[in-house]
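# Results of the structural survey
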Amino acid sequence: MNIETSVESDLLINTVRRFVETEMFPHEEEVDRLGHVPEEIGRRIEAKSKELGLYACNLPEEVGGGGLGIAQMALIEREYGKTSHALQSWAARPTELLMACDAEQRERYLLPAVRGEKRELFALTEPDAGSDVMGMKTNARQDGEDWILNGSKHFISGPCMPDFAIVFAATGVDETPRGPRKRVTAFLVDVGMAGFDCREGTRCVSYRGYKTFELHFDNVRLGPEQILGEEGRGLELSGKWLGMGRIWVGATCCGKAERILNMATDWAATRKQFGKPIGTFQATGFRLADGAINLRAADLLVNDAVARAEKGVMSDADAAMVKVFCAEMLGKIADDAVQIFGGMGLMEEMPIQRFWRDSRLERIWDGTSEIQRHIITRSILRPLGV
Ligand SMILES: Cc1cc2nc3c(=O)[nH]c(=O)nc-3n(C[C@H](O)[C@H](O)[C@H](O)COP(=O)(O)OP(=O)(O)OC[C@H]3O[C@@H](n4cnc5c(N)ncnc54)[C@H](O)[C@@H]3O)c2cc1C
């Protein structure tokens, strides 16, 4: 990924690569076929990641995490990207949003999440509010010191049934120079609280075995101590998470694209038609060449964003460029790989169709390609007053 590698980063890459290849690759086909990760496989990945110091490696050492920096996390996400989210998400990297916990919340949520005793969900999307986050209907109204939460969320994903969710809800309306705007607050809501129904949702054909949940809130009473960060500042919190999340998606896409390209290359070198390996036909060889060019460009874009983030100057548009380019690069490589495999590319006995299905999600979650382009367009036009 980076030609200026260090001994430390090589060691890190090799550790994660070995972990992914030995503990995850062998289970991919079974998990896809079953549509779930057998408990013992998930728990083994979880335990092994703790043993390797990879569990919660994204969070600071002061809270018990691995204390890895942005560049190291990008290398790790690239390796994890080579396998299914259903498996690699058992080696949890709890959301950095939990660093906003106050002293009491640290004991109840952050530290147990770092130790692997609790799992969280990040709950923003709703049935009628996907790309249009401000269309959210989930709301919390004040009742004395408490808040009463109502509404629902869907497509909220995780490897297994969670212990709590970070739920975004409208808690009022602010007057701004651009007109009225919903105040959004993040709440920590425990699974099992009265009025909170958390159940498995519709099954997704990308990353089969990675679960999505539906969350329903019916007059859930929350004390002020359940607010994460400040009241009315929930979107700023989530914005911070989504920005870095888009870089991790970019790195993930590069890892997956590399694996797909390797499989397509092997096939193009060995499958013969008209007495020759199909890779020698320009139409096939050029697909491999274009894939290699685009993967190189995507890796460079990730590296550039990582450098900006490390300097504290990464903008929303920088993150959006990474997300849209890497996800579309992966989509093209996966589709070209199916073409190179011909009919075999669509057969269940071959892994290519699974990678093709898995790749499709990357253009949708964490903000669709269209929404990323909106963010980039806004950054171009806004300085001109448009
Ligand atoms: C497997 C999976 C896991 C997920 N995990 C989570 C999670 O953990 N937490 C969470 O909060 N969310 C999660 N999501 C939700 C995900 O982020 C949303 O699906 C995504 O943001 C798109 O929202 P939507 O599906 O409602 O599509 P819609 O917003 O309905 O969009 C449909 C289409 O319309 C286009 N569109 C919408 N508005 C515009 C516009 N203004 N201009 C141009 N085009 C537009 C979109 O780009 C898209 O092509 C997950 C989704 C999936 C599928």
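Predicted, not measured: the structure shown is a model, and the values here were computed from it.

Definitions and limits used
Residues numbered from 1 in each chain as written. Predicted model: local features only at pLDDT ≥ 70, side-chain atom pairs only at ≥ 80, totals over all residues. Heavy atoms only, no water. Helix = DSSP H or I, 4+ residues; strand = E, 2+ residues; numbered from the N terminus. Rg over C-alpha atoms; globule rule 2.2 N^0.38 Å. Buried < 20%, exposed > 50% of the residue type's maximum accessible area, 1.4 Å probe, protein only. Contact = heavy atoms within 4.5 Å. Areas by Shrake-Rupley, 256 points an atom, 1.4 Å probe, with all protein chains shown as cover. Lys, Arg positive; Asp, Glu negative; His and termini not counted. Charge placed at Lys NZ, Arg CZ, Asp CG, Glu CD. Core = buried A, V, L, I, M, F, W, Y, C linked by side-chain atoms within 4.5 Å. Near = heavy atom within 4 Å. Polar contact = N/O pair within 3.5 Å; in protein donor to acceptor, adjacent residues only side chain to side chain. Expected span 1.5 Å × (residues − 1). Domains from an automatic or database assignment. Buried area = accessible area lost by both parts, 1.4 Å probe. Patch = residues over 30% accessible without salt bridge, like charges linked within 9 Å, V, L, I, M, F, W, Y side chains within 5 Å. Salt bridge = Lys/Arg side-chain N within 4 Å of Asp/Glu carboxyl O.

## Here's the deal with the overall build of the protein chain
Counting secondary structure elements, the protein chain contains eleven helices and ten strands. In terms of overall dimensions, the protein chain is globule-like: its C-alpha atoms have a radius of gyration of 22 Å, near the 21 Å expected for 386 residues. Each principal axis of the C-alpha distribution contributes one length, and for the protein chain these read about 80 × 55 × 40 Å. Within the protein chain, the fraction of its 386 residues that count as buried is 50%. Long-range contacts, defined here as pairs at least 24 residues apart, represent 75% of the contacts in the protein chain between residues at least 6 apart. Surface exposure of the protein chain reaches about 18400 Å², of which carbon and sulfur atoms provide 52%. Taking the average place of the 48 positive charges on the side chains of the protein chain and the average place of its 58 negative ones, the gap between the two points comes to 5 Å.

## A closer look at the nonpolar core
Ranked by size, the top nonpolar core spans 61 residues in total, and within it Ile45, Ile76, Tyr80, Ile247, Ile260, Val302 and Met329 carry the most contacts. Among the elements of the structure, helix H1 (7–23), helix H3 (39–51), helix H4 (70–80), helix H5 (85–88), helix H7 (234–270), helix H8 (282–311), helix H9 (316–341) and helix H10 (352–361) are those that each provide at least two residues to this core. Ranked by residues supplied to this core, first place goes to H7 with 14 residues. Residue contacts for Ile45: discarding those within four places in its chain leaves Phe19, Glu23, Met24, Leu87, Trp90 and Ala91.

## Regarding the environment of His154
Position of His154 relative to the elements: it lies in strand S3 (residues 146–158). Through-space distance from the C-alpha of His154 to that of Leu295 is 33 Å; in sequence the pair is 141 residues apart. What His154 contacts, discounting residues up to four positions off in sequence, is Thr125, Glu126, Pro127, Phe213 and Glu214.

## Points about the site of the ligand
Of all residues adjacent to the ligand, which total 17 residues, the nearest are Thr125, Ser131, Ser157, Thr368 and Glu370. Thr125 has a polar side-chain atom sitting 2.7 Å from a nitrogen atom of the ligand. The contact in question runs from a nitrogen atom of the ligand to an N or O atom on the side chain of Ser157, over 2.7 Å. Taking 980 Å² as the accessible area of the ligand by itself, protein coverage stands at 65%. Elements supplying a minimum of two residues to the shell around the ligand: S3 and helix H11 (369–381).

## Thoughts on H7
Along an α-helix, residues three or four apart share an orientation, since each turn contains 3.6 residues. Taking 1.5 Å per residue as the helical rise, H7 with its 37 residues ought to reach 54 Å, and the 54 Å between its terminal C-alpha atoms agrees with that figure. The buried fraction of H7 is high, at 26 of 37 residues.

## Regarding the domain arrangement of the protein chain
According to the domain assignment, the protein chain contains domain 1 (7–93), domain 2 (119–232) and domain 3 (237–384). Spacing between the C-alpha centres of domain 2 and domain 3 amounts to 30 Å. Listed by partner, the interface residues are 14 residues for domain 2 and 15 residues for domain 3. Between domain 2 and domain 3 lies a buried interface of about 1100 Å² when both sides are counted; carbon and sulfur atoms form 63% of it.

## Here we look at unusual backbone geometry
A negative phi angle is the norm for most residues apart from glycine, just as the trans form is the norm for most peptide bonds. Unusually for a residue other than glycine, Phe274 sits at a positive phi of about 55°. Note on placement: Phe274 falls in the loop between strand S9 (272–273) and strand S10 (276–277). A positive phi angle, near 60°, is found at Asp366, a position not held by glycine. Mapping Asp366 onto the fold places it in the loop between H10 and H11.

## Remarks on a negative patch on the surface
Taken together, the side chains of Asp102, Glu104, Glu145 and Glu225 make up a negatively charged region of the molecular surface. Within the secondary structure, Glu104 sits in helix H6 (residues 103–115). Residue Glu104 is classed as partly exposed on the basis of its relative accessible area, which comes to 48%.

## Considerations on a nonpolar patch on the surface
On the surface, a cluster of nonpolar side chains totalling about 420 Å² of accessible area is made up of Ile380, Leu381, Leu384 and Val386. Structurally, Ile380 is set in helix H11.

## Focus on the side chain of Asp318
Along the chain, Asp318 turns up in helix H9. Take Asp318: its relative accessible area is 13%, and that puts it in the buried class.

## Looking at the pattern of salt bridges
Counted under the stated rule, the structure contains 33 salt bridges. A salt bridge links Arg17 to Glu79, with the shortest nitrogen-to-oxygen separation between them at 3.0 Å. Of this pair, Arg17 sits in helix H1 while Glu79 sits in helix H4, placing them 62 residues apart in sequence. Given a relative accessible area of 29%, Arg17 falls into the partly exposed group. Across the pair Glu46 and Arg119 runs a salt bridge, and its minimum N-O distance is 3.0 Å. In this pair, Glu46 sits in helix H3 while Arg119 sits in the loop between H6 and strand S1 (120–123), placing the two residues 73 residues apart along the sequence. When its relative accessible area of 10% is taken as the criterion, Arg119 is described as buried. A cluster of three or more residues bridged by salt bridges with shared partners is formed by Arg17, Arg78, Glu79, Lys82, Glu258 and Asp299.

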